[in-house]
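A closer look at the structure
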Amino acid sequence: MLKRFYILVLVFFLVGCGGGDSDSAAIAPISALFPELRAYTYSDEVFISGDMSGIGNGSIEVYNSTTDQKVTAQLLTQQECYEGGYAWLIFFIVYIDDFCLTDESFAAVVPVDMGINNLTAAVMDNRGIVLQTETYSIERRMPVLSGFKLKDAELDKPFDPATRSYYVRSCSTAETIWVDPQFDRMDWPYFFDGPNGLDVIIHINGNEFEIDWNILELSAQQLSSDIDIDIVVFPYGKDDMAESIGTHYSLLLLNSSDKELLDINLSAGILDNIFDPLESEYHATVGYVDSSISVSATPTDMCAHLTINSLLVEHNAFSDPISLGEGLNLITIDVFNNNETLENRLMVYRVSDAEYLQSDYIKLDYIHDGYEYTGRRIATSGDDIVIEALDYHSPYRRAVYVATLTNEGGWSIQRLLSDSGSRTLYDVEITGNTIVVGVTNSNTDAVYIYERSQDGLWNNAQQIPSPEYDQVGYSAKSIAISGNTLVTSRSAEPSIDVVDIYTKDLDSGEWMFDTSINDLFTATGSQVYDIVLHESTLAILVNKTTNILNDYTVYILNRDVSGIWNLVSTLSMPARTIALYGNTLVGGSGDVYTKDTTGNWQHTTTLRASNHNDDDEFGDSIAIWEDTIAIGAHGEDSRATGVNNSNQGDNLGVFSKSGANSGATYIFKRDQSMSWEQTEYIKASNTNTTDLFGYAISLSDAMLVVGAPGESSCDTSINGNQADNSCYRRGAVYIYR
């Protein structure tokens, strides 16, 4: 019997055996018998031993509450000795010298079930009264693998010890396939590689392999059908053959000729529909700025070959950039397997430079500060967007942010300016590496200049006070910047506005006051509503009769070579906003003026929305860039979404409109004959009532930015959840490229 449980004798002897106190008046503690550690066994019995000295005529009982069995320890009446050897003891390899159990020792064989077994040892005197108890847990488990290593093959799913059946995919044409069963040695509390210790044998389809931690070479013929792998453990050595327990695994070689795809991914844009492996043609749309695209695909079968536009590409890897022309572009994705090819077509539509596609939906992440109405004012230059946020509950509390397009195609956002309610922000502008913010602080007003440093961050470089900063009622109502020229408007007297011009000193980088313009509109009640500047042309929009729409005048000035600004034209225009680019001036009324070869400004056309309706507020925001004009109509009521949606109707009345005041933006393009035509009708991707989409717009190069200060999503990320409408008028900014 002792030989049968030899290995357990060694373990418990190391952690608990030894001589005891010979004083018969004391009961020797038996805590060493059950140390505080978890032991494992693969046997259906465990052998324990310990010191009997000091017990006298008493006895020791070991009770397994899991199996409900009780065993009384037997006194060893003679010395029994055992040979030593190497052993695994929990996490250490140790060498055990020869040792003997003396006549003061006891031994017990305790049955254990699979799983956790709770053992209790009780020391009793000769009357059967319990003097001391110790508890211990031991786990009986089945031997398992920690994984399979395969050469030129892979399992169809991640290895899990509890999963006993797998498919093996192999792309190898060799006659043999290598399979390496992996064991986690740390899982073994002990391991003897000898005739009287623990042995592990692997049976594969009836063939026996002794475990030696080396790779097993299996023939491809073996893998052509089910492979039965049994891990057999002989707890007391295979030569004893008294008992063996094992765990079964099965593998099946999968020679698939599947040519389907699992997925397609694009470096720009997304598939128009949810991917369906049963389809062979897919569609996607990208913006005009996306002049190339990379494609990755995943075949169902790992052995299949993948080509994109006839070039071999690894699974899940992106192809080299593929050039895109305007309009439709065909990209072929072919899967070749077992001498058969499945052809797939990817149709990528790249919009033209006259079209726009929504690329981003920006929400500011400072909602917890109470800032709402995001997008009430915006300005763009290159890859930068300046955004104003207004606290809806405190109209004098505002903040300014700048969003910059990164090289990776994302957006980084920096807060520039915030206040606690004492300042009112009137306007924001940006050109190149300079941002201008016009504010009023009680009766002291200024223009804040921010410059971009080499690390890409924006810093407050200068604060320009008003030339009459102590004048009551002053406010920086409107600003414009172009190159090294900055123009602002202010109320110098309660009823008369003034325009101030600043220039940047190229040596010091400081902005210096140049001149003021106030002799053109000195009538009582004159108000400067808007100023725009492009290179050496300045346009000032003035209302002389206290906001009567038909009494708006645009003064156009040019700067001569000596730096003097001269009035060159005066235009009547029923509009509260204007925009200027080169020789083209457009007003919020839709009226377009062009400077002819003699320098005179002539009215050329009046732009109208394709679904013009009362109270649409068409023209309250306007922008121009080269041959493109964008006009906002934040009161437009259609419930359409996206670009050029055919549903432009639903204008039956304020209370019956499902998209009342959702807003829209209209794009007009000038062709080679100098005629203007509406090319796009743009709605938000998440159109909703009172979103005020188009309240502010800005245009630069190939990017259109639209503000919707009434948008109500609670999301605070970029391209996040657009469907939520639980945060009233938090606002959003939409990017089209």
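Residues numbered from 1 in each chain as written. Predicted model: local features only at pLDDT ≥ 70, side-chain atom pairs only at ≥ 80, totals over all residues. Heavy atoms only, no water.

Assigned secondary structure in the chain consists of one helix and 58 strands. When burial is assessed residue by residue, the chain has 49% of its 737 residues classed as buried. (Helix = DSSP H or I, 4+ residues; strand = E, 2+ residues; numbered from the N terminus. Buried < 20%, exposed > 50% of the residue type's maximum accessible area, 1.4 Å probe, protein only.)

Ordered in space as β31-β58-β57-β56, the four strands form an open sheet in which the pairing is antiparallel. Both edges of this open sheet fall to β31 (358-362) and β56 (696-700), since each of them pairs with a single strand only. Adjacent strand axes in the sheet meet at a mean angle of 15 degrees, parallel and antiparallel pairs treated alike. The sheet contact formed by β31 and strand β58 (residues 732-736) spans four bridges and is antiparallel. (Pairing = 2+ DSSP bridges. Axes fitted to C-alpha atoms, helices over the stretch in contact; angles between N-to-C directions.)

Linking two cysteines covalently through their sulfur atoms gives a disulfide. Taken as a whole and judged by the stated rule, the model has one disulfide. Paired by a disulfide, Cys-714 and Cys-727 hold their sulfur atoms 1.6 Å apart. Negative torsions about the S-S bond denote left-handed disulfides, and the value of about 95 degrees found for Cys-714 with Cys-727 makes this one right-handed. Of the two residues, Cys-714 sits in the loop between β57 (703-708) and β58 while Cys-727 sits in the loop between β57 and β58, which places them 13 residues apart along the sequence. (Disulfide = S-S within 2.5 Å.)

Okay, the environment of Thr-374 next. Within the secondary structure layout, Thr-374 lies in the loop between β31 and β32 (378-381). For Thr-374 and Leu-390, which are 16 residues apart along the polypeptide, the C-alpha to C-alpha distance reads 6.6 Å. What Thr-374 contacts, discounting residues up to four positions off in sequence, is Leu-364, Ile-387, Glu-388, Ala-389, Ala-708, Pro-709, Arg-730, Gly-731, Ala-732 and Val-733. (Contact = heavy atoms within 4.5 Å.)

Bringing the pairing of strand β30 (residues 340-350) into the picture now. Taken together, the six bridges between strand β23 (residues 281-286) and β30 define a ladder with parallel strand orientation. In the sheet register, Glu-281 faces β30, and the bridge partner there is Arg-345. Direction of pairing for strand β29 (residues 327-337) relative to β30: antiparallel, over a ladder of 11 bridges. Counted as the bridge partner of Phe-336 is Thr-341 from β30. The hairpin formed by β29 and β30 contains two residues between the paired strands, and Asn-338 there has a positive phi angle of roughly 50 degrees.

Another point: the sheet that holds β23. If you walk across this open sheet you meet the five strands as β23-β30-β29-β26-β27, and the pairing is mixed. Strands at the two margins of the open sheet, each flanked by one partner only, are β23 and β27 (311-312). Relative to β29, strand β26 (residues 305-308) runs antiparallel, the two being bridged by four bridges. Considered in β29, the bridge of His-305 is made with Phe-336.

We now examine the pairing of β57. Burial of β57 is extensive: six of the six residues sit out of reach of the surface. On β57, burial covers both faces: Met-703, Val-705 and Gly-707 on one face and Leu-704, Val-706 and Ala-708 on the other are all buried. Here five bridges tie β56 to β57, and the two strands are oriented antiparallel to one another. Bridging from a neighbouring strand, Ser-698 pairs with Val-705 of β57.

In total, this model carries eight aromatic pairs according to the counting rule given. Note on Tyr-581 and Trp-625: the rings are 5.2 Å apart at their centroids and 50 degrees apart in plane angle, and the pair reads as tilted. One end of the pair, Tyr-581, is in strand β48 (residues 578-581); the other, Trp-625, is in strand β52 (residues 618-625), with 44 residues separating them in the sequence. Centre to centre, the rings of Phe-693 and Tyr-734 are 5.3 Å apart; their planes meet at 75 degrees, and the pair counts as edge-to-face. (Phe/Tyr/Trp six-rings, centres within 6.5 Å; stacked < 30°, edge-to-face > 60°.)

Under the counting rule described, the total for this entry stands at nine salt bridges. A salt bridge links Glu-61 to Lys-70, with the nearest nitrogen and oxygen atoms 3.8 Å apart. The partly exposed category is assigned to Glu-61, whose relative accessible area is 21%. By relative accessible area, Lys-70 is classed as exposed at 54%. The partner of Lys-683 in a salt bridge is Glu-636, with the nearest N and O atoms 2.6 Å apart. (Salt bridge = Lys/Arg side-chain N within 4 Å of Asp/Glu carboxyl O.)

Our next topic: the side chain of Ser-589. Tracing the backbone shows Ser-589 in the loop between β49 (584-587) and β50 (591-595). Separated by 2.6 Å, the side chains of Ser-589 and Asp-591 make a polar contact. Contact partners of Ser-589, with chain neighbours within four places excluded, come to Met-573, Pro-574, Ala-575, Thr-606, Leu-607 and Arg-608. (Polar contact = N/O pair within 3.5 Å; in protein donor to acceptor, adjacent residues only side chain to side chain.)

In this model, the chain carries a mean pLDDT of 76, and residues with pLDDT of at least 70 account for 69%. A low-confidence stretch, residues 1-38 (pLDDT under 50), is modelled with 92 contacts involving residues beyond four sequence positions or located in other chains. Scored below 50 in pLDDT, residues 213-225 makes 37 contacts in the model with residues more than four places away or belonging to other chains. (pLDDT = per-residue confidence, 0-100.)

Bringing the nonpolar core into the picture now. If you look at the biggest cluster of nonpolar residues, it comprises 23 residues, and the most contacted ones within it are Ile-264, Ile-333 and Leu-346. Where this core is concerned, the elements lending two or more residues are β22 (261-266), β23, β25 (295-299), β26, β29 and β30. Leu-607, Ile-624, Ala-664 and Trp-676 belong to the second-largest nonpolar core, a separate cluster that totals 17 residues. (Core = buried A, V, L, I, M, F, W, Y, C linked by side-chain atoms within 4.5 Å.)

Even without being glycine, Asn-316 reaches a positive phi, approximately 70 degrees. Inspection of the secondary structure puts Asn-316 in the loop between β27 and β28 (322-323). Positioned with a positive phi, Leu-692 is a non-glycine residue whose angle comes to about 60 degrees. Leu-692 gets classed as buried once you look at its relative accessible area, which sits at 14%.

Once that is clear, we can look at a negative patch on the surface. A contiguous patch of negative charge, built from Asp-614, Asp-615, Glu-617 and Asp-620, is present on the exposed surface. Relative to the helices and strands, Asp-615 is located in the loop between β51 (601-606) and β52. Take Asp-615: its relative accessible area is 60%, and that puts it in the exposed class. (Patch = residues over 30% accessible without salt bridge, like charges linked within 9 Å, V, L, I, M, F, W, Y side chains within 5 Å. Areas by Shrake-Rupley, 256 points an atom, 1.4 Å probe, with all protein chains shown as cover. Lys, Arg positive; Asp, Glu negative; His and termini not counted. Charge placed at Lys NZ, Arg CZ, Asp CG, Glu CD.)

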